[in-house]
Amino acid sequence: MRYFVFNLFVTLVCGSMYIMAFPLATVAETNQSAPHFPTARRTWKSHGSCFYYVDDIDGDDTNSGLTFREPWKTLTPINQGVFAAGDHILLRCGGKWTGILFPGGSGVPRKPIVIGQYGYGPKPAINAEGRYLAAVYIRNGDYWDIGSLDIANRAPNPVPKLTGVTIEQEDFGTAHDIRLHDLDIHDVTGSNDKAAGGGSGIYCASSGLKTVTRYDGLVIENCHITHTDRNGITMSAYYRRPEWPLSTGVLIRGNLLEDIGGDGIVPIGCNGCVIEHNTLRGGRMRAQDYAAGIWPWSCDNTIIQFNEVSGMRGTNDGEGFDSDFNCRNSLFQFNYSHDNDGGFMLICDDGGQQSPWNIGNSGTVIRYNISVNDAEHTFCITGPCQNIQIYNNVIYQKKGLNAPIVSAGNWGGGWPEGTSFLNNIFYVEGNSKFDFGGMTGVKFDSNSYWGNINPLPSDINPVLADPKLIEPGSYSVSGYLPRPDSPLISNGKTVAQNSFSDFFGNPLPQGAAINIGAWQGAEKPSEAM
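Described in the following lines is the structure provided in the data block. (Residues numbered from 1 in each chain as written. Predicted model: local features only at pLDDT ≥ 70, side-chain atom pairs only at ≥ 80, totals over all residues. Heavy atoms only, no water.)

**Here's the deal with the overall build of the protein chain**
Okay, so step 1: Each helix and strand in the protein chain was counted, giving two helices and 43 strands.
Okay, so step 2: Scaling as 2.2 N^0.38, a compact globule of 529 residues should have a C-alpha radius of gyration of about 24 Å, and the protein chain matches this with 24 Å.
Okay, so step 3: The C-alpha extent of the protein chain, read off along each of the three principal axes, is 80 × 50 × 40 Å.
Okay, so step 4: Taking as baseline every contact in the protein chain between residues at least 6 positions apart, the subset at least 24 positions apart corresponds to 74%.
Okay, so step 5: Total accessible area on the protein chain stands at roughly 19,000 Å², and carbon and sulfur atoms take up 50% of it.
Okay, so step 6: Here the protein chain contributes 37 positively and 52 negatively charged side chains, and the mean placements of these two sets differ by 3 Å. (Helix = DSSP H or I, 4+ residues; strand = E, 2+ residues; numbered from the N terminus. Rg over C-alpha atoms; globule rule 2.2 N^0.38 Å. Contact = heavy atoms within 4.5 Å. Areas by Shrake-Rupley, 256 points an atom, 1.4 Å probe, with all protein chains shown as cover. Lys, Arg positive; Asp, Glu negative; His and termini not counted. Charge placed at Lys NZ, Arg CZ, Asp CG, Glu CD.)

Below is the structure:
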């Protein structure tokens, strides 16, 4: 799958210790012809707990900057400063700056350095115009809170590694409590070629040959990211497990991503990362290489929930969601996927890549999701993935779609082992099938099949009657509730280690039979819902 290009890039660029999806290279200030990160030239230090104001209209860089009546005019005084705990860097609402915001320093627990806005009006706008590799850049600092900015990096031509915001930690140790929020990031003209370096709306990197470096507390929330090439929100990190300092406390939530050139949201090198309540509309819009919507890489115990992904373009990969390799125990629940060219879910492992840096793909759980009109295949399961549980999902395919529900492959040698399908609804208006290839240990129990699915899998307790959904084919998720007389009700298989709720937020029944599908309400649903 996608790794072949990526692996070549790692071999040529990154050496043997860590992987950087989009490696950063500081270019000397004397070379102004190529987009670069500036060399830090710090000329002053803050005492901390100060407020600094910048006004592009009424400011003056000879002012103190310490009150809104004496603001600085440009970003230069900020870029020359080393800030401290409790400092606030405030840009005037409606102000516009060209270039890069590149302050230094670190806060402390409960007293971060804050970058934000003051006054009334549109968010302060910074456009690097392709002159720098980011419009906002924090290097080797922690305890930062950055929000309420309008950020662009619009270059005349695509530029590899271009970003809107870059947070980079190199030989830093553990970087604590960095929060990016309420940012409008748009028009980032990165390269849509992953092998060339790509680009991102938000990019968070951790690396180091001298000091093991990671994040502990990285929050990206309530941002609007649109028309960014190649990606939306991405990370880079170490990948060899013997040297693996997993980042913790990574939370990506409440973001809206639209018109993304390639991949949507990709955490790397994390343990317990949570990706929730995000909406992605339109991914892989311009990239020709492999890209998917939301997926972890080299992560353990990732939770991906309450997200909506639609409009992934093309079939290299083109799925809404992906459980990728070198990952353990990835959980996908309560997500809504629709109209993705490549399908709903990719579960993959490159059997040709072995330990110590790839331990495979194991323990993926896909439960209480709804997939509507996802094309190519609903599930693509390829390579020696192990112990996959797929239960209580709703799969709907419209007339004329004619996509397999399962397509299997042996990427890198080896087929998937130990995959169970329990309590799912497979509702097909066109024609579909299950293609297991050489998969082993496949189990079906208590699934609902409706429509032309040929051949049917061998199911222990199949439900072949009309499932009597309220409005199948609807883009309202309530259309996939069962009617009161549905054969799905109380006809499901009890699943060990089940979820705490169903797709609709209902608690799961305790000590009672469960329903087939994504609804487990205590009362029978009404057709009026």
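**A look at the nonpolar core**
Okay, so step 1: Ranked by size, the top nonpolar core spans 98 residues in total, and within it Ile202 and Phe379 carry the most contacts.
Okay, so step 2: Examining the composition of this core, we find that five residues originate from one element, strand β31 (residues 343–348), more than from any other.
Okay, so step 3: Each residue touching Ile202, except ones within four places of it in the same chain, is listed here: Val165, Leu180, Ile185, Ile220, Cys223, Ile225, Gly232, Ile233 and Thr234.
Okay, so step 4: Counting residues in hydrophobic clusters, the runner-up holds 22 residues, among them Val365, Leu422, Leu469 and Ala518. (Core = buried A, V, L, I, M, F, W, Y, C linked by side-chain atoms within 4.5 Å. Buried < 20%, exposed > 50% of the residue type's maximum accessible area, 1.4 Å probe, protein only.)

**A word on the environment of Asp374**
Okay, so step 1: Tracing the backbone shows Asp374 in the loop between β34 (370–372) and β35 (379–382).
Okay, so step 2: According to the relative accessible area criterion, Asp374 is buried, its value standing at 1%.
Okay, so step 3: Sequence separation of Asp374 and Asp341 is 33 residues, and the distance between their C-alpha atoms is 6.3 Å.
Okay, so step 4: Non-local contacts of Asp374, meaning those with residues more than four positions away in its chain, are made with Ser337, His338, Asp339, Asn340, Gly343, Phe344 and Leu401.
Okay, so step 5: A polar contact of 2.7 Å, which involves the side chain of Asp374, links it to the side chain of Ser337.
Okay, so step 6: At 2.6 Å, the side chain of Asp374 forms a polar contact with the side chain of Ser371. (Polar contact = N/O pair within 3.5 Å; in protein donor to acceptor, adjacent residues only side chain to side chain.)

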